[in-house]
Amino acid sequence: MWTFTSDVEEYAAVAEPFLLGDPVRNTVALTVLANLRAGMPAKGPRFGWWTVDGEVRGAVFHTPPHPVGLADMPLEAVEPLLAALGDPAEVVGRVELTSEVKRLLGEPGRLVPERLYRLGALAVPGTPGRGRLAAPADFPLLVSWYQAFAEEVRMGMGDDVVESVARRLAARELFVWEAGGAPVSLAALSPAVGGVCRIGPVYTPPSCRRNGYGAAVTAYASQVGLAERCDQVVLFTDLGNPTSNAVYQSIGYVPVSDYEHMTYDGPRSAGHRS
């Protein structure tokens, strides 16, 4: 049975212990929850948990305009979830779950395959330059890079970019790689939840690419995370970008599981359940 609420504390009290059972695969759900409890604004949030014989076995979260996020849940929970949500237009989750969504709703108009990686043994690249924590003076550049990243991946950043960058800068979550005395790449590191930090986004402007800066700043942020903030570091990649997948594996990231980010445009296909 699904139970829903818009109260983040009610959701946390019930679902967080379940999510912490696998903090790596539930990294996004846990990070969103931690950020909301820390005061991150959200308009019209909705949270849910699936119970069997009084025990929580699944969870879902939706903080518009972000997609519906499927945390761990059994396959049989997917159909009643879609019915309760009114067939959501955008969904992200593990492929086992999104495959069930596709079986019920048909093929989406847009599908982005993703892969979750966990850092094994970090291999620091010998890239010229140095990593550092982003400073207030970097703020205008970071905002422009966030906006460019959002346009490039064709996914909205959700809340206001200026507000998001300001919040993450103040929380010491943003890192840059400098070469020739100037920032050339960016990596963000989420707060630790359940001992896990997540890298993302990572962005290098086109004029600075093919120099190893993305790998360097990712490795640097990962080092800081392990040394000061968490026990494990994870990140997501777009499987349609073989270069970035190879880069992250070259510095020690190993695959955990595959995910899909699906967007439904207009009426559902013939696969829509009756």
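Everything below is about the structure printed above this text.
Residues numbered from 1 in each chain as written. Predicted model: local features only at pLDDT ≥ 70, side-chain atom pairs only at ≥ 80, totals over all residues. Heavy atoms only, no water.

**Student:** Mind showing me how you'd approach the overall build of the protein chain here?
**Tutor:** A count of helical and extended segments in the protein chain gives eight helices and 12 strands. Computed over its C-alpha atoms, the radius of gyration of the protein chain comes to 19 Å, within 12% of the 19 Å expected for a compact globule of 274 residues. Along the first, second and third principal axes, the C-alpha atoms of the protein chain reach 60 × 40 × 35 Å. Expressed as a percentage of the 274 residues in the protein chain, the buried residues total 49%. Residue pairs at least 24 apart in sequence account for 69% of intrachain contacts in the protein chain once pairs closer than 6 positions are excluded. Surface exposure of the protein chain reaches about 12200 Å², of which carbon and sulfur atoms provide 53%. Averaging the coordinates of the 23 positive side-chain charges in the protein chain and doing the same for the 30 negative ones gives two points 5 Å apart. (Helix = DSSP H or I, 4+ residues; strand = E, 2+ residues; numbered from the N terminus. Rg over C-alpha atoms; globule rule 2.2 N^0.38 Å. Buried < 20%, exposed > 50% of the residue type's maximum accessible area, 1.4 Å probe, protein only. Contact = heavy atoms within 4.5 Å. Areas by Shrake-Rupley, 256 points an atom, 1.4 Å probe, with all protein chains shown as cover. Lys, Arg positive; Asp, Glu negative; His and termini not counted. Charge placed at Lys NZ, Arg CZ, Asp CG, Glu CD.)

**Student:** Explanation requested: the packing of aromatic side chains in the structure shown.
**Tutor:** Aromatic ring pairs are reported here in terms of the distance separating the ring centres and the angle at which the planes meet. One pass over the structure, following the stated rule, counts eight aromatic pairs. Here F175 and Y220 contribute two aromatic rings whose centre-to-centre distance is 6.0 Å and whose plane-to-plane angle is 70 degrees, an arrangement assigned as edge-to-face. With a gap of 45 residues between them, F175 in strand β8 (residues 174-179) and Y220 in helix α7 (residues 213-229) connect regions that are remote in the sequence. Between Y248 and Y253, the aromatic rings sit 6.4 Å apart at their centres with planes inclined by 75 degrees, giving edge-to-face as the arrangement. One exposure class covers both Y248 and Y253, and it is buried. Each member of the aromatic cluster is reached from another via a ring pair, and the members are W2, F4 and W50. (Phe/Tyr/Trp six-rings, centres within 6.5 Å; stacked < 30°, edge-to-face > 60°.)

**Student:** What is the right way to read helix α5 (residues 139-153) from this model?
**Tutor:** Quick reminder: α-helices carry 3.6 residues per turn. Residues three or four places apart thus point the same way. With 15 residues, α5 extends 21 Å between its outermost C-alpha atoms, agreeing within 8% with the 21 Å of an ideal straight helix rising 1.5 Å per residue. Here α5 has its buried residues at L142, V143, W145, Y146 and A150. Relative to the axis of α5, the buried residues are bounded by an arc of 165 degrees and lie together on one face. In α5, those exposed residues whose orientation departs by more than 90 degrees from the buried face are P140 and E151. Tucked into the core, α5 has its buried residues touching α6 (161-170), β8, β9 (182-189) and β10 (196-203). Once α5 ends, the next one or two residues include R154, with phi positive near 55 degrees. (Expected span 1.5 Å × (residues − 1). Arc of directions from axis to C-beta.)

In short, the description is geometric, and any link to function would need to be established separately.
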